[in-house]
Amino acid sequence: MPNRIHVAFVAGLLATAAFGIAQTNTQIKKVPITRTSPASGKQMYNAYCASCHGLDGKGGGPAAPALKDPPTDLTTLSRDNGGKFPEDHIYTVLKFGVDAPAHGNAEMPVWGPALRSLSGGSALAGSIEQQRIVNLTNYLRSLQQ
Ligand code: HEC
């Protein structure tokens, strides 16, 4: 399937449902979230984030042109925060979503429910979700310039 890129995305209606986006040129549509290892921040990043933020984190992923707002450059999070990686802020953003921008809905997906849905039904779902978010946060730390 040329030109079909899968991007994980959350609509958040059902706790057990998982979502994604398939992007062809300027259209984005939802596709099921793919399975990844909770232990690998890099694998999760490449599967869920790179389509918008780019493999290098700079914001130039293939789905970026279809968005109203450019995806944040994730390599300057520390620089833009006075040299300190904003760990707590990133954890909160990934779990609960970004602050809604003044001009409409945030395009950045809310990841907590989608990541949790990957272990839906497990008694450990909450702690696996936390492990996923911590490992994603640590991967973003490793991308800092
Ligand atoms: C559908 C495209 C898309 C995907 C997929 C996506 N993002 Fe984003 N992200 C954005 C956009 C757009 C912004 C800028 C804020 C906004 O407009 O929502 C953003 C902002 C951010 C921010 C900055 C938030 C802040 O408060 O400064 C972080 C951190 C982030 N994304 C991390 C991730 C991670 C990690 C993933 C994968 C788990 C991911 N994003 C997946 C589009 C995306």
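Refer to the structure above for everything that follows.
Since the structure is predicted, the reported quantities are computational estimates derived from the model, not experimental observations.

Draft legend 1. Summary view of the site of the ligand. If you check the shell around the ligand, you find 25 residues, and the closest are Cys49, Cys52, His53, His89 and Met108. The side chain of His53 places a nitrogen or oxygen atom 2.8 Å from a nitrogen atom of the ligand. Within the contact set of the ligand, an oxygen atom lies 3.3 Å away from a backbone nitrogen or oxygen of Glu107. Contributions of two or more residues to the shell around the ligand are made by strand 1 (5-8), helix 2 (50-53), helix 3 (87-96) and helix 5 (125-142). Among the elements that take part in the shell around the ligand, helix 3 stands out by supplying 4 residues, more than any other.

Draft legend 2. Broad picture of the coordination of the iron atom of the ligand. Only His53 (NE2) and Met108 (SD) from the protein reach the iron atom of the ligand as donors, at distances of 2.0 to 2.2 Å. Considering all 6 donor atoms around the iron atom of the ligand, angles at the metal cover 88 to 179° and the coordination shape is octahedral. Separated by 55 residues along the polypeptide, His53 in helix 2 and Met108 in the loop between helix 3 and helix 4 (112-117) bring together distant segments of the chain.

Draft legend 3. Expanded view of the environment of Gly41. Tracing the chain through its elements places Gly41 in helix 1 (residues 41-48). Spatially, the C-alpha atom of Gly41 lies 9.5 Å from that of Gln131, the residues being 90 residues apart in sequence. With residues up to four places along the chain from it excluded, the contact list for Gly41 reads Asn135, Leu136 and Tyr139.

Draft legend 4. Quick peek at the nonpolar core. Judged by nonpolar contacts, the single largest core of 20 residues is most densely connected at Tyr45, Tyr48, Trp111, Leu115, Leu136 and Leu140. Among the secondary structure elements, those contributing two or more residues to this core are helix 1, helix 3, helix 4 and helix 5. The greatest single-element share of this core, amounting to 4 residues, is contributed by helix 5. Beyond its immediate stretch of four places on either side in the chain, Tyr45 contacts Ala50, His53, Gly54, Leu55, Gly57, Leu74, Leu136, Tyr139, Leu140 and Leu143.

Conventions used here
- Residues numbered from 1 in each chain as written.
- Predicted model: local features only at pLDDT ≥ 70, side-chain atom pairs only at ≥ 80, totals over all residues.
- Heavy atoms only, no water.
- Near = heavy atom within 4 Å.
- Polar contact = N/O pair within 3.5 Å; in protein donor to acceptor, adjacent residues only side chain to side chain.
- Helix = DSSP H or I, 4+ residues; strand = E, 2+ residues; numbered from the N terminus.
- Donors = N, O, S within 2.8 Å, 3.2 Å for Na, K, Ca; no water.
- Tetrahedral: all angles 85-135°; square planar, octahedral: opposite > 155°, others 65-115°.
- Contact = heavy atoms within 4.5 Å.
- Core = buried A, V, L, I, M, F, W, Y, C linked by side-chain atoms within 4.5 Å.
- Buried < 20%, exposed > 50% of the residue type's maximum accessible area, 1.4 Å probe, protein only.

By themselves, these figures tell us nothing about what the structure is for.
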